[in-house]
Amino acid sequence: MSSFEQEIDKRRTFAIISHPDAGKTTLTEKLLLFGGAIHVAGAVKSNKIRKTATSDWMEIERQRGISVATSVMGFQYGDYKINILDTPGHEDFAEDTFRTLTAVDSVIIVIDSAKGVEKQTRRLMEVCRMRHTPVIVFINKLDREGRDAFELLDEVEEELGIHVCPMSWPIGMGERFQGVYNLFSQELCLFKSDKQHVSDDIHSIKDISTPEVEGYIGKASADQLRNELELVQGVYPEFSSEEYLSGLLAPVFFGSALNNFGIRELLDCFVRIAPSPQPTEAEERIVEPREEPFSGFVFKIHANMDPNHRSCIAFVKVCSGRFERNKYYRHIRLDKQFRFSSPTAFMAQKKEIVDDAYAGDIVGLPDTGNFKIGDTLTEGESLHFRGLPSFSPELFQYIENADPMKQKQLIKGVDQLMGEGVAQLFINQFNGRRIIGTVGQLQFEVIKYRLLHEYGAECRWEPIHLYKACWIESSDAAVLANFKKRKAQYMAYDREGRDVFLADSGYVLQMAQQDFPEIKFHFTSEF
């Protein structure tokens, strides 16, 4: 195997997803701690410790204690190169998470042991199922009182529609939590609480019936563990790599991310079973990661990663081959050649310039307005990677300038934030007013906050009653012109200058679809 192929096989690119507060950012942080990428973990919520989580680097995230943007982090773990994408759990930022799932090869779902499977987790699982993405489940917060392990596994199977296979098993929980037995490596891992550093207390026990077990956890716990493991082996299927890789079987781990417990077992097993970079579907053909020529697509754009430099960064997922610094690549949409003198790799906000990157890696390219989400870069071949939808927004407000002296800053700020895919901008064709459409209420707050703190522009929101935005097209120009004339007050342009119909109720939309059968109405911007 050539060194090029070895590099690609070493890559593991995955996203961590969950409902808000299940402990996703804490888990990311602890994986970085085990990978040696950071040395002391920062409490995500605690105000006593002024360290905030490495992956929550935007100011508003630090204040709220939630993640509002996907962050990208890479580190070495043994022979493997691991790329983690920590996604926002809050449903108002679901679109960012959906787009991120197009750039990963596998997923770890975090579930709170007290709350079980929650609504947002179900929606994210549907996206994984659509793409046949392999999933590992991590049941978190065992150091607190939670639900019975069997009950949780039943719920995961039922709610997420996937078979489960426990890879570790908890010994007690809450006050009585003593550790886990790792079925994958046949080791007893005893619980010690250490929130900031890595600690190990692991004993290899191949035969669970040996009296040695009592010495570690006492007779009552040992008997209970043996009974439960017997049940586990009777009820759940054995781990099958094929079923896991095709997204039909989810290995399950138990632990406490806050206390660094159960993370090493998860990581050791993950690097062994998780897929290396997978083929990517382009409109023209399937692109294999081991192909020599480089190809990649922009799945996310982030403005102002460094507030001092007002810089925009386009995150590119490398789909095939090797990306090299200072080499010319073709930007397919613009049909222009670009070269990048300072491509970066990330450890949250800390960036370092890289000379090359392989399939599976995420590279940050400085962007001066050339990129849009979904753009493709190649060594020359015309490829279009798909599956990066913008959904039809459900909430709308007029955006107005609150400070006439800062009109320029406001326009620039809105333009850059919309380029990130934070929300969508529509310009009313009737009165020229700017309308922002979002998927969730919290996004309006984030936009206002970021405009003020990153661009020095103050905005105010004015209510507008709309039901849905839909993109329209027709092969009959006369019909389209007639529709636009009749609906003049409800017509807008999006950032690409495409026609968008802003329906103010479900009934109006339904009638428009009935009255104008020659017009196609689209509810995502991919058509």
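Residues numbered from 1 in each chain as written. Predicted model: local features only at pLDDT ≥ 70, side-chain atom pairs only at ≥ 80, totals over all residues. Heavy atoms only, no water.

An unreviewed UniProt entry annotates the chain as Peptide chain release factor 3 originating from Porphyromonas endodontalis. As stated in UniProt under Sequence similarities (unreviewed entry), the record for the chain gives "Belongs to the TRAFAC class translation factor GTPase superfamily. Classic translation factor GTPase family. PrfC subfamily." In UniProt, the chain has this text filed under Function (unreviewed entry): "Increases the formation of ribosomal termination complexes and stimulates activities of RF-1 and RF-2. It binds guanine nucleotides and has strong preference for UGA stop codons. It may interact directly with the ribosome. The stimulation of RF-1 and RF-2 is significantly reduced by GTP and GDP, but not by GMP." (UniProt positions renumbered as here; feature names shortened; annotations may be inferred.)

Asker: Please clarify how the environment of alanine 15 should be interpreted in this entry.
Answerer: By the element assignment, alanine 15 lies in strand S1 (residues 11–18). With relative accessibility at 0%, the residue alanine 15 sits in the buried group. Counting along the chain gives 120 residues from alanine 15 to valine 135, while the straight-line C-alpha distance between them is 9.8 Å. (Helix = DSSP H or I, 4+ residues; strand = E, 2+ residues; numbered from the N terminus. Buried < 20%, exposed > 50% of the residue type's maximum accessible area, 1.4 Å probe, protein only.)

Asker: How do you make sense of the environment of valine 104 when you look at a structure like this?
Answerer: With respect to the element layout, valine 104 can be found in the loop between helix H4 (94–100) and strand S4 (106–112). Valine 104 sits 91 residues away from threonine 13 along the chain, and the two C-alpha atoms are 5.4 Å apart. In contact with valine 104, not counting residues within four places along its chain, are Thr13, Phe14, Ala15, Leu85 and Lys317. (Contact = heavy atoms within 4.5 Å.)

Asker: Can you walk me through the pairing of S4 in this structure?
Answerer: With seven of seven residues buried, S4 lies mostly within the body of the structure. Here S4 shows a buried face lined by Ser106, Ile108, Val110 and Asp112 and a second buried face lined by Val107, Ile109 and Ile111. Of the pairings in the sheet, the one linking S1 to S4 comprises five bridges and is parallel in character. Bridged to phenylalanine 14 within S4 is serine 106. Examined bridge by bridge, S4 and strand S5 (residues 135–140) share six bridges and lie parallel to one another. When the sheet's bridge partners are listed, isoleucine 108 is paired in S5 with isoleucine 136. (Pairing = 2+ DSSP bridges.)

Asker: Hey, could you run me through the nonpolar core in this one?
Answerer: A general feature of soluble globular proteins is that nonpolar side chains tend to end up buried together. Formed by 58 residues in total, the largest nonpolar core has its most connected members in Val107, Trp169 and Phe254. Of all the elements, helix H6 (residues 149–160) adds the most residues to this core, at six residues. Here this core gathers at least three residues from each of two domains, domain 1 (4–273) and domain 2 (280–378). Sequence-distant contacts of phenylalanine 254, defined by excluding residues within four places in its chain, comprise Phe138, Ile139, Leu142, Ala149, Leu153, Ser168, Trp169, Pro170, Val180 and Gly262. The next biggest cluster of nonpolar side chains, apart from the first, holds 30 residues, and it includes Phe14, Leu32, Val110 and Phe270. (Core = buried A, V, L, I, M, F, W, Y, C linked by side-chain atoms within 4.5 Å. Domains from an automatic or database assignment.)

Asker: Sorry if this is basic, but what is going on with the pattern of salt bridges here?
Answerer: Close approach of charged atoms allows side chains with opposite charge to pair. Applying the stated rule across the entire model yields 30 salt bridges. The salt bridge partner of glutamate 145 is arginine 176, with a shortest N-O separation of 3.4 Å. Taken together, the positions of glutamate 145 in the loop between S5 and H6 and arginine 176 in the loop between strand S7 (168–171) and strand S8 (179–182) put the pair 31 residues apart, joining distant regions of the chain. What makes glutamate 145 partly exposed here is its relative accessible area of 46%. If you follow the salt bridges from partner to partner, you end up with Glu7, Lys10, Arg11, Lys81 and Asp361 in one network. (Salt bridge = Lys/Arg side-chain N within 4 Å of Asp/Glu carboxyl O.)

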